[in-house]
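As a plain string of letters, each chain reads:
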Amino acid sequence: MSRQNSHPEGRPAILANITQRILIGGEWVSAASNKSFEAFNPATGEVLTRIAEADASDVDSAVKAARRAFEGEWSRWTPYDRQRLLLRVHDLIEKNFEELATIETLDMGAPLQRTRGLKRYISQLLNFYAGQTANVAGETLPNSLAGNIKTMSIKAPVGVVGGIIPWNGPLISQWWILGPVLATGCTAVIKPAEDASLSVIRIAELLIEAGMPAGVVNIVTGYGHVAGAALSEHLDVDRIAFTGSTATGRKIIQASAGNIKRLQLELGGKSPDIVFADANLDAAVPGAAMAAFNNTGQICYAGTRLFVQRSIQDQFVERLSAFSRTLRVGNGIDPNVQIGPIISAKQLDQVMRYVDIGQSEGATLASGGKRLEAELGKGFFVEPTVFSNVTNDMTIAQEEIFGPVVSVIPFDNAEHALKMANDINYGLGGAVWTSSLSTAMKMSHGIKAGTIWINCYGQIDPGVGFGGYRMSGYGWKGGPQHVDGFLYQKAIYMNLD
Ligand code: ADP
């Protein structure tokens, strides 16, 4: 494995002290308590800046500002006006993309190679939601009532949306909330993750520059158990859109009960990635490796349970391990680096704990498994790790690790693979590598998950809905259904006699 640790060059302007950085009603202000906390670069341990620490009183001010904006000038904006806003911010994002990619890399560790590569995808997302502004429409419906009564439905924005964002890719994931909010005419209070808030703050600046009215999007940086909890409980928030762990999702469901909030929850995963002996292994080996190691394994739909047909297991593990060792791990500000650090010391400890558990439960450590402290200094680095001879009931096969660890589990035939693939609490994604159309279709229908990839992994298009089965959450992101979750539907009966 090649290891690189070049030093950051050029600091984005946002890294100047930003403690006065919660956005309420169009004004950047400090948290009411004046408290702040440090933002770290996970590749170096270096303090990047300080972030304002919002509490329940700041959340309350932000919700009030969002409510005022919802009922004010914004409610008179036409679909065309909102579409223009989305397209203007799209253009500003394109113009400032190098800075945004650098901020994301410094803040959450994903290599520049990855963050720079998100440009086209973010452009697609913004164009998609700009298009959705014109799709908010009701229907004229038939009825069998006596008299001359006509029936129709209309749609209206749901109101104030609380958006709680994870740290594993905020540059993208904030758009899964901001997109439908702006497309439908809702307003939002966004709570970025405490470990990666900077790209959310920078995007908010660009929204203001693009002409967003004050209060339409408000930003409260701070801790999940304080600011996030206050937002989920707030009685004047109509909907929560959340991406994060299943444990936190459960807390949000409980906190939202007070005013029966609408919820969209994208939670954890432990996705099966199934390789049949008839697959094109030249594609399946790197495909399966990156399904697990992309973004240092910190992706909810990562393909972490790698089912490999027994007849090719030894050969596959050997090739997978060899491929893993070629991956360049290091500080992602170096454009040659492919795998960045883990987000935090806490998360790294969790990954290392699972590596120990895997070995103690009898799995074979085929490659990786070491922290790269000595080689890479203070960053939170771990080698891409392959476990073989895993059984589906082992802890490393059942629990979400959220790090670059893949478990290879042998199977005998399609039925055997399917049984194990579905023997899990989650259901976010799944993949099949095969040259048989019949196997591909059979597995696509059989795997209990919201997205199935055949001979590929991880593609997510804004026009195609993404969501989960079981404890991976509910509600859709993307696709024609997504904006519906941000709308109320109202039926109208009109007596024309
Ligand atoms: P992780 O454990 O990987 O950090 P979380 O699900 O806890 O993932 O974090 C995702 C987002 O949820 C973050 O913005 C975090 O601050 C927020 N969060 C954490 N705890 C709570 C909570 N009790 N209520 C609301 N939001 C929370």
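**What about the packing of aromatic side chains?**
This structure, assessed with the given rule, holds eight aromatic pairs. The interplanar angle of 85° and the centroid separation of 5.5 Å between the aromatic rings of tryptophan 167 and phenylalanine 402 together place this pair among those described as edge-to-face. Within this pair, whereas tryptophan 167 is found in the loop between strand 8 (160-164) and helix 6 (170-173), its partner phenylalanine 402 is found in the loop between helix 15 (395-398) and strand 18 (405-411), the two being separated by 235 residues in sequence. Classification of tryptophan 167 as buried rests on a relative accessible area of 16%. For phenylalanine 402, a relative accessible area of 16% gives the class buried. Consider the rings of phenylalanine 276 and phenylalanine 411, whose centres lie 5.1 Å apart with planes at 75°: the pair is edge-to-face. Of this pair, phenylalanine 276 sits in the loop between strand 13 (272-275) and helix 11 (281-293) while phenylalanine 411 sits in strand 18, and the two are 135 residues apart along the sequence. An aromatic cluster is built from Tyr301, Trp453, Tyr457 and Phe466, whose rings are joined through pairwise contacts. Over the face of the ring belonging to tryptophan 28 we find arginine 21, whose NZ or CZ atom lies 5.0 Å from the ring centre. The ring of phenylalanine 486 carries the charged tip of arginine 239 above its face, separated from the ring centre by 4.4 Å.

**Some remarks on the sheet that holds strand 6 (residues 140-141)**
Sheet architecture is open: three strands sit in the order 6-7-22, paired in antiparallel fashion. Here the strands that pair on one side only, and so sit at the sheet edges, are strand 6 and strand 22 (487-495). Here strand 7 (residues 149-157) pairs with strand 22 via nine bridges, running antiparallel. Across the sheet, lysine 150 pairs through a bridge with methionine 494, a residue of strand 22.

**Some words on a negative patch on the surface**
Together, Glu361, Asp393, Glu399 and Asp423 line one region of the surface with negative charge. In this fold, aspartate 423 is placed in the loop between helix 16 (414-421) and strand 19 (429-433).

**A look at the site of the ligand**
Among the 19 residues in the neighbourhood of the ligand, the closest are listed as Ile165, Lys191, Glu194, Ser245 and Thr248. A distance of 2.8 Å separates an oxygen atom of the ligand from a polar atom in the backbone of isoleucine 165. In the model, a nitrogen atom of the ligand is placed 3.4 Å from a nitrogen or oxygen of the alanine 229 main chain. For the shell around the ligand, the secondary structure elements donating two or more residues are helix 9 (224-233), strand 11 (239-243) and helix 10 (246-255). The element best represented in the shell around the ligand is helix 9, accounting for five residues. Looking at the shell around the ligand, its residues break down into eight nonpolar, eight polar and three charged.

**Comments concerning the environment of glycine 430**
Take glycine 430: it is sitting in strand 19. C-alpha of glycine 430 to C-alpha of arginine 76: the two residues are 354 residues apart in sequence and 43 Å apart in space.

**Comments concerning the pairing of strand 13**
Side chains of strand 13 alternate between two faces, with Pro272 and Ile274 and Asp273 and Val275 buried alike. A crossover links strand 13 with its parallel partner strand 14 (residues 305-309), the connecting element being helix 11, and its sense is right-handed. Pairing geometry for strand 13 and strand 19, over three bridges, is parallel. When the bridges of strand 19 are listed, aspartate 273 appears paired with alanine 431.

**Looking at the environment of alanine 16**
Here alanine 16 is to be found in the loop between strand 1 (3-4) and strand 2 (22-24). On the accessibility criterion, alanine 16 (48% relative accessible area) is partly exposed. In this structure the C-alpha to C-alpha distance between alanine 16 and phenylalanine 380, which are 364 residues apart in sequence, comes to 24 Å.

Parameters and conventions
Residues numbered from 1 in each chain as written. Predicted model: local features only at pLDDT ≥ 70, side-chain atom pairs only at ≥ 80, totals over all residues. Heavy atoms only, no water. Phe/Tyr/Trp six-rings, centres within 6.5 Å; stacked < 30°, edge-to-face > 60°. Helix = DSSP H or I, 4+ residues; strand = E, 2+ residues; numbered from the N terminus. Buried < 20%, exposed > 50% of the residue type's maximum accessible area, 1.4 Å probe, protein only. Lys NZ or Arg CZ within 6 Å of the ring centre and 35° of its normal. Pairing = 2+ DSSP bridges. Patch = residues over 30% accessible without salt bridge, like charges linked within 9 Å, V, L, I, M, F, W, Y side chains within 5 Å. Areas by Shrake-Rupley, 256 points an atom, 1.4 Å probe, with all protein chains shown as cover. Salt bridge = Lys/Arg side-chain N within 4 Å of Asp/Glu carboxyl O. Lys, Arg positive; Asp, Glu negative; His and termini not counted. Charge placed at Lys NZ, Arg CZ, Asp CG, Glu CD. Near = heavy atom within 4 Å. Polar contact = N/O pair within 3.5 Å; in protein donor to acceptor, adjacent residues only side chain to side chain. Nonpolar A, V, L, I, M, F, W, Y, C, P; charged D, E, K, R; others polar. Right-handed = clockwise from strand over helix to strand, strands pointing away.

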